[in-house]
Amino acid sequence: MVQQQYNTLEDIARAKAEVWEKRQVKSEQLTKMLEELTAAQKPSSRREMVTNIIGEAVVAFDIFMTVRKLTKQYGSLFSIFRKKKKKK
């Protein structure tokens, strides 16, 4: 990254505004790409609809079993992220 010399507060404000505009444009592009990737695609046939439903059911079951395994091992889902206290 190139270091620029700022002589006045106006220079800093102008550079800040430029960076903000670039960030806004990139944020909008990222949001648009994310929406395109996560948009639900309508199945063109009944067969595709059934396979989509089965696939979603498998994912839901997998999530359920993973959470069940974690809660069984750690006691509760929130205790996974807690730091263990050292015994003195």
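Residues numbered from 1 in each chain as written. Predicted model: local features only at pLDDT ≥ 70, side-chain atom pairs only at ≥ 80, totals over all residues. Heavy atoms only, no water.

Attention now moves to the overall build of the protein. A count of helical and extended segments in the protein gives two helices and zero strands. Burial analysis of the protein (88 residues in total) assigns 3% to the buried set. When the accessible surface of the protein is totalled, it reaches about 9600 Å², and 60% of it is carbon and sulfur. (Helix = DSSP H or I, 4+ residues; strand = E, 2+ residues; numbered from the N terminus. Buried < 20%, exposed > 50% of the residue type's maximum accessible area, 1.4 Å probe, protein only. Areas by Shrake-Rupley, 256 points an atom, 1.4 Å probe, with all protein chains shown as cover.)

The grouping of Met49, Val50, Ile53, Ile54 and Val58 at the surface amounts to a nonpolar patch, some 430 Å² of accessible area in total. Take Met49: its relative accessible area is 34%, and that puts it in the partly exposed class. (Patch = residues over 30% accessible without salt bridge, like charges linked within 9 Å, V, L, I, M, F, W, Y side chains within 5 Å. Salt bridge = Lys/Arg side-chain N within 4 Å of Asp/Glu carboxyl O.)

The next subject is helix H2 (residues 46-74). Look at H2: 42 Å from first C-alpha to last across 29 residues, which is about the 42 Å you get at 1.5 Å a residue. Backbone geometry just downstream of H2 places Gly75 in the positive-phi region, at approximately 95°. (Expected span 1.5 Å × (residues − 1).)

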